[in-house]
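# Examining the three-dimensional arrangement
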Amino acid sequence: YPAAIAAITPLVRDPVVAARLLSFAAGVATVALAMVLARRLVGRRGALAVGAYLALVPGIARTHVEVLSESPYGLLLCGGALAFLARRDLVVAA
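Just so we're clear, the structure is a prediction, and the values are computed from it rather than from any experiment. (Residues numbered from 1 in each chain as written. Predicted model: local features only at pLDDT ≥ 70, side-chain atom pairs only at ≥ 80, totals over all residues. Heavy atoms only, no water.)

### Describing the overall build of the protein
Of regular secondary structure, the protein possesses five helices and zero strands. Nonlocal contacts in the protein, meaning residues at least 24 apart in sequence, comprise 58% of its contacts between residues at least 6 apart. Of the accessible surface of the protein, which amounts to about 6,200 Å², a share of 71% is contributed by carbon and sulfur atoms. For the protein, the distance from the average site of its 9 positive side-chain charges to the average site of its 4 negative ones is 12 Å. (Helix = DSSP H or I, 4+ residues; strand = E, 2+ residues; numbered from the N terminus. Contact = heavy atoms within 4.5 Å. Areas by Shrake-Rupley, 256 points an atom, 1.4 Å probe, with all protein chains shown as cover. Lys, Arg positive; Asp, Glu negative; His and termini not counted. Charge placed at Lys NZ, Arg CZ, Asp CG, Glu CD.)

### Some remarks on the side chain of Ser-71
Mapped onto the secondary structure, Ser-71 falls in helix 5 (residues 70–93). Look at Ser-71 and you get buried, because its relative accessible area is 1%. Separated by 3.5 Å, the side chain of Ser-71 and the backbone oxygen of Ser-23 make a polar contact. For Ser-71, the residues in contact, after removing those within four places along its chain, are Ser-23, Ala-26, Gly-27, Thr-30, Thr-63 and His-64. (Buried < 20%, exposed > 50% of the residue type's maximum accessible area, 1.4 Å probe, protein only. Polar contact = N/O pair within 3.5 Å; in protein donor to acceptor, adjacent residues only side chain to side chain.)

### Remarks on the side chain of Thr-9
Examined against the element boundaries, Thr-9 turns out to sit in helix 1 (residues 2–12). By relative accessible area, which is 17% here, Thr-9 ends up buried. At a separation of 2.7 Å, a polar atom in the side chain of Thr-9 contacts the main-chain carbonyl oxygen of Ile-5. If we ignore the near neighbours within four places in the chain, the residues touching Thr-9 are Asp-14, Pro-15 and Ala-18.

### Quick look at the pattern of salt bridges
Between side chains of opposite charge, a pair can form when the charged atoms approach closely. On inspection of all chains with the given rule, the structure shows one salt bridge. Of the charged contacts, one joins Arg-62 and Glu-66 as a salt bridge, the two residues approaching to 3.8 Å between their closest N and O atoms. Residue class for Glu-66 comes out partly exposed when judged on its relative accessible area of 32%. (Salt bridge = Lys/Arg side-chain N within 4 Å of Asp/Glu carboxyl O.)

### Let's talk about the packing of helix 1 against helix 2 (residues 15–42)
It is at 8 Å that the axes of helix 1 and helix 2 come closest, and there the two elements cross at 120°. Pair helix 1 / helix 2 crosses with right-handed handedness. Contact residues: helix 1 offers Ala-4, Ile-5, Ile-8, Thr-9 and Val-12, while helix 2 offers Pro-15, Val-17, Ala-18, Ala-19, Leu-21 and Leu-22. Partitioning the contact of helix 1 with helix 2 into residue classes produces 10 nonpolar, one polar and no charged. (Axes fitted to C-alpha atoms, helices over the stretch in contact; angles between N-to-C directions. Left-handed = near helix turned anticlockwise from the far one by under 90°. Nonpolar A, V, L, I, M, F, W, Y, C, P; charged D, E, K, R; others polar.)

Okay, structure coming up:
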């Protein structure tokens with residue numbers, strides 16, 4: 001996380017803005033991946049509910065614009081869950 005902030009800082013010239021941009025981008029990607037994960041598990045309506053929840057609940061939305069490591073962690077967690085499901089589907093199909 002600090003290395004990613006350091007990589008973005010020269011583009012925006014402010015490390016706090018760089019960290020907020022990184023958190024925001026990770027938050028948006030987390031919502032998208034969580035929706036993909038929910039769609040695979042519970043369908044389209046569940047995916048829309050998950051997306052709305054993650055985007056609109058103030059406590060969760062606030063973490064996506066503050067300088068916290070929770071946004072990238074959530075992104076990695078959703079990505080890992082999707083990778084696990086993809087791997088599980090390959091093993092079950094074999």
